[in-house]
Amino acid sequence: MLHYIGRRRLSPQRDFAPSNTLHHNQTMKFYTGTFLLLLSISATANAQTGGALSECANGGCRLGEYCVGNSFLKDVDDTGEYGCAKCNGNRDWWPCNFETTCFCHAEGAPRIPPAPRSGVNVNTALDACRDVLTEDIFNNIVQPNSEEGKQLFTYAGLCDAIANYNQYHDEKFAQMGTISQVRQELSAFLSHASVETDGFSVTREEHHCVNPITGLDGNVYCMPCKEQFYSKETKTCTQSYFVNEQTYNEYCDLSRQNNQGCSCTVAGVSMANVPLQNDARAPAIGYVRADDMFFRRGSFDTSFNYGYMGAGIAIKGDAQYFCEQPDLLATNPQYAWQSGIYKWMEYQPYEFASTAHKQVLKGNFGGTINILNGPLECPSSMNISEKHFQMVRDRVREVCRVGSSLGVMLELNSCENPYERDCQTCDGIEEIYYSCQQDGSCPDCIGWGENLASTAPTITPAIIKPPTFEEWGKYWGPSSQTGTRNGATSSYSSPVWYTMTSLVVVMSAYLME
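A brief look at the structure comes next. (Residues numbered from 1 in each chain as written. Predicted model: local features only at pLDDT ≥ 70, side-chain atom pairs only at ≥ 80, totals over all residues. Heavy atoms only, no water.)

Read from one edge to the other, the open sheet built from three strands follows the order S3-S4-S7, with strand pairing classed as antiparallel. Bordering the open sheet on either side are strand S3 (210–214) and strand S7 (288–289), each of which pairs with just one other strand. Strand direction decides the pairing type here: S3 and strand S4 (residues 220–223), joined by three bridges, are antiparallel. Bridge pairing links valine 210 to methionine 223 in S4. (Pairing = 2+ DSSP bridges. Helix = DSSP H or I, 4+ residues; strand = E, 2+ residues; numbered from the N terminus.)

As structure tokens, then:
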């Protein structure tokens, strides 16, 4: 007879089965159900890893290393019941199930957390500055029109920044994959940097630092100005910031303090008494010490109290390094570039589970825009602000210009598997690409394909088709994430585990009846 799910009708044979057979069936259902339940729990735990465990999970740290916590990223510590030290045992759940929350650290070395892993191999035979970005090519790309820009955004500074970052990170900047992938990464990175710094000419956010001066104490002082009173053309301020404000209180996130942001208060910073020679100039009114301000600086506009702390941890292994002297990002060429590399490699919005670095290794320029700027610029249309729409147009223009100089092309929007969580796009940039060629605002895009130095993807937008049966099978293969140093990984992507878990729960409920 038929069996029904829900109110199930049994066959006569089962209704009148001998008691020992019934007991045997119940026992088998119990064991089967228990096994499936454990499988479900395991699946859920693995799904939470996002594809890769902490590098120190399951005893992954080398001899002489200890598993420590990245308290800037998450509220974790080294020891304690839920401390990262437990990850060096057999734990593969919190806090060991997120790759950058806990990491291996050797005593005496800078305490620098790892960058999210891409799964792409390091190209140990290649050096970005020696083999790809020569000084002549750099000078063709980076052409500041201000003296401060020429002094800050230097070739030597960029090469030093790349070497220093890669020295302390297993995931390398501009050294992963093929030479084409390295060219693509440098092209995308420099394109974004050019837009953020107004063609490598702005070293400090202009209306927060009008007419900077250096006092007798050696400190730089800035005159802040409300944006509505600042003229970008003349670089002057028509009304002092302190006409309506008692203190300077900008770029301070009070929710990010202690281990997650530089110290700042709701009271703000008072106007400074700038030490100047009396016979040199009139008294400086309306100024604030630059090192007390967390406005935008560097190649990727590092800002806010938490941004400067994150940069200090990634570059120096010292959370307070740029908290105490944020203006180093406007005066030190290496730090100006390296703060941008840090954001490129490690900024990972929770909802995307990806970085600009991981997107560009797919040859996907649109994904880098979405990761770095999100809904401010994607989707790109006049529905966003005019300012940000123009910035997207500038990004498209620059990636054509820089890509031509480096002899490489990128897809505007491309994902190998559009069903993956880290498949990011920026809708609208294809239209910008074609329209800017028609109106003449991106001349380098017209001849972009004629300047290729090697084989690379085209900019033709990917056509998304329904997956074939074989493509669905990819979900059951290994994750694209690399493992830890001891191979600790989550074997399947989260959507698959969610499906498996759901099926297991239904089957368990059926069998346990």
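The structure having been displayed, the exposition proceeds.
Its 13 residues place the ends of helix H8 (residues 304–316) 18 Å apart at the C-alpha level, agreeing with the 18 Å of an ideal helix rising 1.5 Å per residue. Among the 13 residues that make up H8, 10 are buried, leaving the element largely enclosed by the rest of the structure. Along H8, the residues classified as buried are Asn305, Gly307, Tyr308, Met309, Gly310, Ala311, Gly312, Ile313, Ala314 and Ile315. Where H8 is buried, its residues meet helix H6 (155–167), helix H9 (321–324) and helix H10 (333–346). Immediately downstream of H8, the backbone of glycine 317 shows phi near 70 degrees, a positive value. (Expected span 1.5 Å × (residues − 1). Buried < 20%, exposed > 50% of the residue type's maximum accessible area, 1.4 Å probe, protein only. Contact = heavy atoms within 4.5 Å.)

Inspection of the secondary structure assignment puts cysteine 237 in strand S6 (residues 236–237). Sequence spacing of cysteine 237 and proline 224 is 13 residues, and the spatial spacing of their C-alpha atoms is 8.6 Å. Look past the residues within four positions of cysteine 237 in its chain and what remains in contact with it is Val210, Cys225 and Phe229.

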